[in-house]
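Close look at the chain arrangement
If you want the building blocks of each chain, they are given just below.
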Amino acid sequence: MSQIQQSLGLVSLVVRDYDEALAFFVGKLGFQLIEDSYVPQQDKRWVVVSPPGAVESRLLLARASTSDQEARVGTQTGGRVFLFLYTNDFRRDYERYKAQGITFVRDPVEHSYGTVAVFQDLYGNLWDLLEPKCSKA
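The chain carries the name VOC domain-containing protein in an unreviewed UniProt entry, which gives Brevifollis gellanilyticus as its organism.

Right, here's the structure in full:
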């Protein structure tokens, strides 16, 4: 019997508009555009981005298509930190993001597990920018 092996491949992030989301994630955060394909049967796009160097997890930018989904843009987790972006160089990325106009809502702090600061994406979702002590980035 083979060993179970799983991974989390995509996390769906509800967005208002594909192009404004791409401008933020690719243009400001420096993520890579993995796929941007039109799905005519559903009149939507399959838009996948990934942090540079990431091999497993990716973000599916999913345009809100109902009023319930639109109401949750930016509040998918009720105001808690939603995503954790690991980095191998906290200072580099923190300074680059600040220069790009990214809003940090919590200043950098040194913890036993690493250096972290909290920023908002263009919709208000909260992210940790984290350089772990044992770098996983």
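Section: the overall build of the chain
Secondary structure assignment for the chain yields 3 helices and 8 strands. Taking 14 Å as the expected radius of gyration for a compact globule of 137 residues, we find that the chain reaches 16 Å, a close match to that expectation. Overall, the chain is about 50 × 50 × 25 Å in size when its C-alpha atoms are taken along their principal axes. Across the 137 residues that make up the chain, the buried fraction comes to 34%. Of all intrachain contacts in the chain linking residues separated by at least 6 positions in sequence, the fraction that spans at least 24 positions is 52%.

So, the domain arrangement of the chain
Along its sequence, the chain is organised into domain 1 (8–73) and domain 2 (75–136). A separation of 19 Å is found between the C-alpha centroids of domain 1 and domain 2. Counting residues at the interface gives 21 residues for domain 1, matched by 16 residues for domain 2. Buried area between domain 1 and domain 2, summed over both chains or domains, comes out near 1,500 Å², and the portion from carbon and sulfur atoms is 65%. The largest per-residue losses of area from domain 1 upon contact with domain 2 belong to Phe24, Lys28 and Leu29, which jointly make up 35% of the total buried on that side. Counting every contact that joins domain 1 to domain 2 gives 0 salt bridges. Every element with two or more residues in the side of domain 1 that touches domain 2 is listed here: strand E1 (10–15), helix H1 (18–28) and helix H2 (67–72). Per-element accounting of the side of domain 1 that touches domain 2 gives the leading share, 6 residues, to H1.

Things to note about the sheet that holds strand E8 (residues 126–132)
Sheet architecture is open: 4 strands sit in the order E5-E8-E7-E6, paired in mixed fashion. At either margin of the open sheet sits one strand with a lone partner, and together these are strand E5 (81–86) and strand E6 (104–111). Within the sheet, the average angular offset between the axes of one strand and its neighbour, ignoring direction, is 20°. Across 5 bridges, the pairing between E5 and E8 is parallel. Looking across to E8, one finds that Val81 is bridged to Leu126.

Quick notes on the pairing of E8
Where burial is concerned, most of E8 is hidden: 6 out of the 7 residues are buried. The pairing of strand E7 (residues 114–120) with E8 spans 7 bridges and is antiparallel. Bridging across to E8, Val118 finds its partner in Asp128.

Re H1
If you check which residues of H1 are buried, you get Tyr18, Ala21, Leu22, Phe24 and Phe25. One face of H1 carries all of its buried residues, which in axial projection span an arc of 165°. In the core, the buried residues of H1 are packed alongside E1, strand E2 (32–39), strand E3 (44–50), strand E4 (58–63), E7 and E8. Two or three places before Asp19, at the opening of H1, Asp17 has a side-chain oxygen 3.0 Å from that residue's backbone nitrogen. Of the residues trailing H1, Gly30 is marked for its positive phi of about 80°.

Here is what the cut-offs are and how they apply
- Residues numbered from 1 in each chain as written.
- Predicted model: local features only at pLDDT ≥ 70, side-chain atom pairs only at ≥ 80, totals over all residues.
- Heavy atoms only, no water.
- Helix = DSSP H or I, 4+ residues; strand = E, 2+ residues; numbered from the N terminus.
- Rg over C-alpha atoms; globule rule 2.2 N^0.38 Å.
- Buried < 20%, exposed > 50% of the residue type's maximum accessible area, 1.4 Å probe, protein only.
- Contact = heavy atoms within 4.5 Å.
- Domains from an automatic or database assignment.
- Buried area = accessible area lost by both parts, 1.4 Å probe.
- Salt bridge = Lys/Arg side-chain N within 4 Å of Asp/Glu carboxyl O.
- Pairing = 2+ DSSP bridges.
- Axes fitted to C-alpha atoms, helices over the stretch in contact; angles between N-to-C directions.
- Arc of directions from axis to C-beta.
- Polar contact = N/O pair within 3.5 Å; in protein donor to acceptor, adjacent residues only side chain to side chain.

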